[in-house]
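Breakdown of the fold
Listed below, chain by chain, are the residues.
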Amino acid sequence: MSFDVLLKGGSLADGSTADIAISGTKIAAIEPAIEAEAGQIIDISGNLVSAPFVDPHFHMDATLSYGIPRINQSGTLLEGIALWGELKPQLTHQAVKQRALDYCDWAVSMGLLAIRTHVDVCDDRLLAAEALIEVRKEVADYIDLQLVAFPQDGLYRSPNALDNTLRALDLGLDVVGGIPHFERTMEDGRRSVTELCEIAQQRGLQVDMHCDETDDPQSRHIEQLAYETQRLGLQGRVAGSHLTSMHSMDNYYVSKLLPLIAEAGVSAIPNPLINITIQGRHDTYPKRRGMTRVPEMLAHGIRVGWGQDCVLDPWYPLGTADMLDVAFMGLHVAQMTSPAEMQHCYDMVTNQNAAIMNLDDYGLQVGKKASLVVLDAGNPIEAIRLRPERLLVMAKGKVVARRDRQDTELSLPGRPSHVNRRHRTP
Ligand code: FE2
């Protein structure tokens, strides 16, 4: 028996150790010890190996634009939206495409190989949609890119948004987006959820809405999203992104709402780096955290994944395409500090996010595509603690990124000569 690649001695997320054999683009075997010939044998002993990171919520049309034409001084969502409005007329096909491709390079270096990005379709030129369709094709060998038709200025609030959403879907965007809390009235928001879910049902598409990204506890569009998911038979294909109003909702109402979300099979995508930064800005003290109720949703059996949302754009001045940064922040803000909860936070940025995106060829399992990441950490919890080097990234059986473990040299009398940069446990 001969394989193309044999990875020796990796630590799996469940704590076991295994060799992983790859033939062509697929995982051929995962066993405690594989003795076989291989074109390439790579020793990864002691290092965590998992399926790649997945980001179910991003804005690739805006990424890496920080400072163009100016920075967001107040740090609020509303100034970010105004700033995006200033930037939009200046966008060019080439600039959007170049920034997206640059971001995809960062993503690969971080082991992030599947991204769902919202694409603003309110500009009649549909320039970002066309640019990102090209990017989706160019990166297809190493990144699964899902494009959401996102009427970012409001389906009814922006003059041609409905028509543009349909045109963008005709061009080949994958998912139907929306932003009900940004419509002019609660009633318009409710109608937008209904109309967009019907469009998704007619076209056989998934739905992912920015939903209730506000501190207003009366913003309850998630209720309508769950209702329409039930009514139209879209279970398992709908996600509500952000859901930050739930943080501020009345507890009794939430006790009714969570079972409805669970029953409808609607997934939730909180974006902790952004929600903790942008929400609560109108508060004095106590200041709300503005993140949705993650442990409570998990306890009700609702699938929840962590999303990145923004990197260096009108809404967020930081970011590195590292889903471990996202998991780290989410763990803190949601106070998910038990071993099982921390372990689950790693699962949220890998398997749970893949399930939300309905990526059926994903996973560190025999027969699935051979895409994976090897980290300078011993287990998922250590990976979140350290946010360490990605030592090896493989996409469909090919090594696409590699780097050495980084140590720091020490000059201390009577002490070791070097220490692992991020203090990995022995
Ligand atoms: Fe977003």
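None of the values given here were measured: they were computed from a predicted structure.

1. Let's talk about the overall build of the chain
Assigned secondary structure in the chain consists of 13 helices and 17 strands. Compactness check: the chain gives a C-alpha radius of gyration of 22 Å against a globular reference of 22 Å for 426 residues, within 12% of the reference. By its C-alpha atoms, the chain is 65 × 45 × 45 Å across when sized along the principal axes. The 426 residues of the chain split such that 56% are buried. Across the chain, every contact between residues at least 6 apart in sequence was considered, and the portion connecting residues at least 24 apart equals 75%. Counting every atom, the chain has about 17,100 Å² of accessible surface; 51% of that belongs to carbon and sulfur.

2. Quick look at empty space enclosed by the protein
In this approach, a probe sized like a water molecule rolls over the atoms, and the result shows the empty space that is left. Under the defined criterion, the tally for this structure stands at three cavities of 30 Å³ or more. Inspection of the lining of the largest cavity shows a minimum of three residues originating in each of domain 1 (2-51 + 364-402) and domain 2 (53-356).

3. Comments concerning the packing of helix H2 (residues 93-109) against helix H3 (residues 127-138)
Across the interface, H2 lies against H3 with an axial gap of 9 Å and an inter-helix angle of 40 degrees. Classified by the interaxial angle, the pair formed by H2 and H3 is oblique. Judged by the sense of rotation from one axis to the other, the crossing of H2 with H3 is right-handed. Contacts between H2 and H3 involve His93, Val96, Lys97, Ala100, Leu101 and Cys104 on the former and, on the latter, Leu127, Ala128, Glu130, Ala131, Leu132, Glu134, Val135 and Glu138.

4. Some thoughts on the side chain of Asn275
Note that Asn275 resides in helix H9 (residues 272-278). Of note is the side chain of Asn275, whose polar atom sits 3.0 Å from the side chain of His242. If near-sequence neighbours (up to four positions away) are discounted, Asn275 is found in contact with Glu213, His242, Thr244, Pro270, Arg289, Gly290 and Met291.

5. Some remarks on unusual backbone geometry
Between Ile68 and the following residue, Pro69, the backbone shows a cis peptide bond with an omega angle of -10 degrees. Among the structural elements, Pro69 can be located in the loop between strand S6 (53-58) and helix H1 (77-87). At Ala321, a residue that is not glycine, the phi angle is positive and equals roughly 70 degrees. Taking relative accessible area as the criterion, Ala321 reaches 0% and is therefore assigned buried.

6. Some words on the nonpolar core
Tyr103, Leu173 and Trp306 are the most contacted members of the largest nonpolar core, which totals 106 residues. Looking at which domains feed residues into this core, each of domain 1 (2-51 + 364-402) and domain 2 (53-356) supplies at least three. With residues up to four places along the chain from it excluded, the contact list for Tyr103 reads Phe58, Met60, Thr63, Leu64, Leu112, Ile115, Gln308, Val311 and Ala321.

7. Examining the layout of surface pockets
Approximately 570 Å³ is the volume attributed to the largest pocket. As for the largest pocket, its lining consists of 31 residues, and the residues nearest its centre are Leu77, Leu78, His181, Glu213 and Thr214. Elements represented by at least two residues in the lining of the largest pocket include exactly H1 and H9. Element by element, the count of residues in the lining of the largest pocket is highest for H1, at three residues. The residue inventory of the lining of the largest pocket, partitioned by class, reads twelve nonpolar, twelve polar and seven charged. There is about 250 Å³ of room inside the second largest pocket. Around the second largest pocket, the lining comprises 18 residues; the ones closest to its centre are Ala13, Ser50, Ala51, Asp347 and Asn351. Of all the elements, helix H12 (residues 339-356) adds the most residues to the lining of the second largest pocket, at six residues. Counting contributing residues, the lining of the second largest pocket receives three or more from each of domain 1 (2-51 + 364-402) and domain 2 (53-356).

8. A look at the domain arrangement of the chain
Interfaces are often described in size by the accessible area the parts lose on coming together. Each assigned domain of the chain is listed with its residue range as follows: domain 1 (2-51 + 364-402) and domain 2 (53-356). Inter-centroid distance (C-alpha atoms) of domain 1 to domain 2 is 30 Å. Across the boundary between the two partners, domain 1 contributes 22 residues, which contact 22 residues of domain 2. Summed over both sides, the interface of domain 1 with domain 2 buries roughly 1,700 Å², with 65% coming from carbon and sulfur.

Definitions and limits used
Residues numbered from 1 in each chain as written. Predicted model: local features only at pLDDT ≥ 70, side-chain atom pairs only at ≥ 80, totals over all residues. Heavy atoms only, no water. Helix = DSSP H or I, 4+ residues; strand = E, 2+ residues; numbered from the N terminus. Rg over C-alpha atoms; globule rule 2.2 N^0.38 Å. Buried < 20%, exposed > 50% of the residue type's maximum accessible area, 1.4 Å probe, protein only. Contact = heavy atoms within 4.5 Å. Areas by Shrake-Rupley, 256 points an atom, 1.4 Å probe, with all protein chains shown as cover. 1 Å grid on protein atoms, 1.4 Å probe; cavity = no way out; pocket = protein on both sides within 12 Å on 5 of 7 lines; lining within 4 Å. Points joined across faces, edges and corners; volume = space filled by probe spheres on them. Domains from an automatic or database assignment. Axes fitted to C-alpha atoms, helices over the stretch in contact; angles between N-to-C directions. Parallel < 35°, antiparallel > 145°, perpendicular 65-115°, else oblique. Left-handed = near helix turned anticlockwise from the far one by under 90°. Polar contact = N/O pair within 3.5 Å; in protein donor to acceptor, adjacent residues only side chain to side chain. Core = buried A, V, L, I, M, F, W, Y, C linked by side-chain atoms within 4.5 Å. Nonpolar A, V, L, I, M, F, W, Y, C, P; charged D, E, K, R; others polar. Buried area = accessible area lost by both parts, 1.4 Å probe.

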